[in-house]
Amino acid sequence: EAEVAQSPRYKITEKSQAVAFWCDPISGHATLYWYRQILGQGPELLVQFQDESVVDDSQLPKDRFSAERLKGVDSTLKIQPAELGDSAMYLCASSLVLAGTEQFFGPGTRLTVL
Amino acid sequence: AQSVAQPEDQVNVAEGNPLTVKCTYSVSGNPYLFWYVQYPNRGLQFLLKYITGDNLVKGSYGFEAEFNKSQTSFHLKKPSALVSDSALYFCAVRDGVYTDKLIFGTGTRLQVFP
């Protein structure tokens, strides 16, 4: 069964350092999402791509976060500089372009900022 | 704005007994509702969704959910709980008609004891 791939699974960094997360969606899925899940809470959307274009980045802290999906397939989420409050699980998901279809999630990257 | 509420932080049930995990929603227009499950240090797994049609939706692993428009609820149910069902369950709603963005609840931890 096709899955969303993410790496790394775990990342420990010091504040003010740069970190990057990678996501490879299910083949054929045009829509890709990055979510942040703080411990004890539900995921919150950071950015949504349709192919290589950003559809929604209203909740992305653009002063320190950036995301790209250059060829409309895999994607990278970057944080620079990392802050203590960025410690969370970062989840990538993908879906078919049709509205109402379910999103398929990857295993996530757990970030700890010291 | 669309929202979902999961009023119980934790639900405890004995193995073999029926289980219910509650979710209520607030939307303008017709709701697109989803249930996901999350195991420790893992991404979310899709269980089921309601778009339209029958109010009783059947999903993966024997779960089902009942859509109740008058009570604005979408409770997750299973006739006979298994210890392996112990996990974190999230209800989610699509954030509007022209978006695939999901708004998640805060999650309910289900504990099934032998």
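Residues numbered from 1 in each chain as written. Chains lettered and ligands numbered in written order. Predicted model: local features only at pLDDT ≥ 70, side-chain atom pairs only at ≥ 80, totals over all residues. Heavy atoms only, no water.

Participant: Would you explain the layout of surface pockets in this entry?
Facilitator: Leftover empty space is mapped by rolling, across the atoms, a probe with the size of a water molecule. In this structure, the largest pocket spans a volume of roughly 460 Å³. A:Glu1, A:Glu3, A:Phe105, B:Leu44 and B:Gln45 are the residues nearest the centre of the largest pocket, which is lined by 16 residues in total. When contributions to the lining of the largest pocket are tallied by element, the ones reaching two or more residues are β10 (104-105) of chain A together with β6 (44-50) of chain B. Broken down by element, the residue count for the lining of the largest pocket peaks at 3 residues, all from β6(B). When grouped by side-chain class, the residues that make up the lining of the largest pocket number 8 nonpolar, 5 polar and 3 charged. Considered as a void within the structure, the second largest pocket measures approximately 370 Å³ in volume. (1 Å grid on protein atoms, 1.4 Å probe; cavity = no way out; pocket = protein on both sides within 12 Å on 5 of 7 lines; lining within 4 Å. Points joined across faces, edges and corners; volume = space filled by probe spheres on them. Helix = DSSP H or I, 4+ residues; strand = E, 2+ residues; numbered from the N terminus. Nonpolar A, V, L, I, M, F, W, Y, C, P; charged D, E, K, R; others polar.)

Participant: Mind showing me how you'd approach the nonpolar core here?
Facilitator: Grouped burial of nonpolar side chains is what soluble globular proteins tend to show. Judged by nonpolar contacts, the single largest core of 26 residues is most densely connected at B:Leu33, B:Trp35, B:Leu47, B:Leu48, B:Phe74, B:Leu76 and B:Tyr89. Elements that contribute at least two residues to this core include exactly β2 (10-14), β3 (19-21), β5 (33-38), β6, β8 (64-68), β9 (73-78), β10 (87-94) and β12 (108-113) of chain B. Sort the elements by how many residues they give to this core and β10(B) lands first, with 4 residues. The contact partners of B:Leu33, leaving out residues within four places of it in the chain, are B:Val4, B:Tyr25, B:Leu48, B:Lys49, B:Tyr50, B:Phe67, B:Phe74, B:Ala92 and B:Val93. Core analysis: the second largest hydrophobic core is formed by 20 residues, A:Leu60, A:Ile79, A:Tyr90 and A:Val113 among them. (Core = buried A, V, L, I, M, F, W, Y, C linked by side-chain atoms within 4.5 Å. Buried < 20%, exposed > 50% of the residue type's maximum accessible area, 1.4 Å probe, protein only. Contact = heavy atoms within 4.5 Å.)

Participant: Which parts of the structure should I look at to understand the state of the cysteines?
Facilitator: By definition, a disulfide is the covalent link that joins the sulfur atoms of two cysteine residues. Taken as a whole and judged by the stated rule, the model has 2 disulfides over all chains. Sulfur-sulfur distance for the disulfide between A:Cys23 and A:Cys92 comes to 1.9 Å. Judged by the torsion about the S-S bond (-70°), the A:Cys23/A:Cys92 disulfide is left-handed. One end of the pair, A:Cys23, is in strand β3 (residues 19-24); the other, A:Cys92, is in strand β9 (residues 88-95), with 69 residues separating them in the sequence. There is no split in this pair, since A:Cys23 and A:Cys92 are both buried. There is a disulfide in this structure between B:Cys23 and B:Cys91, and the S-S distance comes to 2.0 Å. On the sign convention where negative is left-handed, the bridge of B:Cys23 and B:Cys91, at about -60° about the S-S bond, is left-handed. Taken together, the residues B:Cys23 in the loop between β3 and β4 (24-26) and B:Cys91 in strand β10 connect sequence positions 68 residues apart. Comparing B:Cys23 with B:Cys91 shows no difference in burial state: the two are buried. (Disulfide = S-S within 2.5 Å.)

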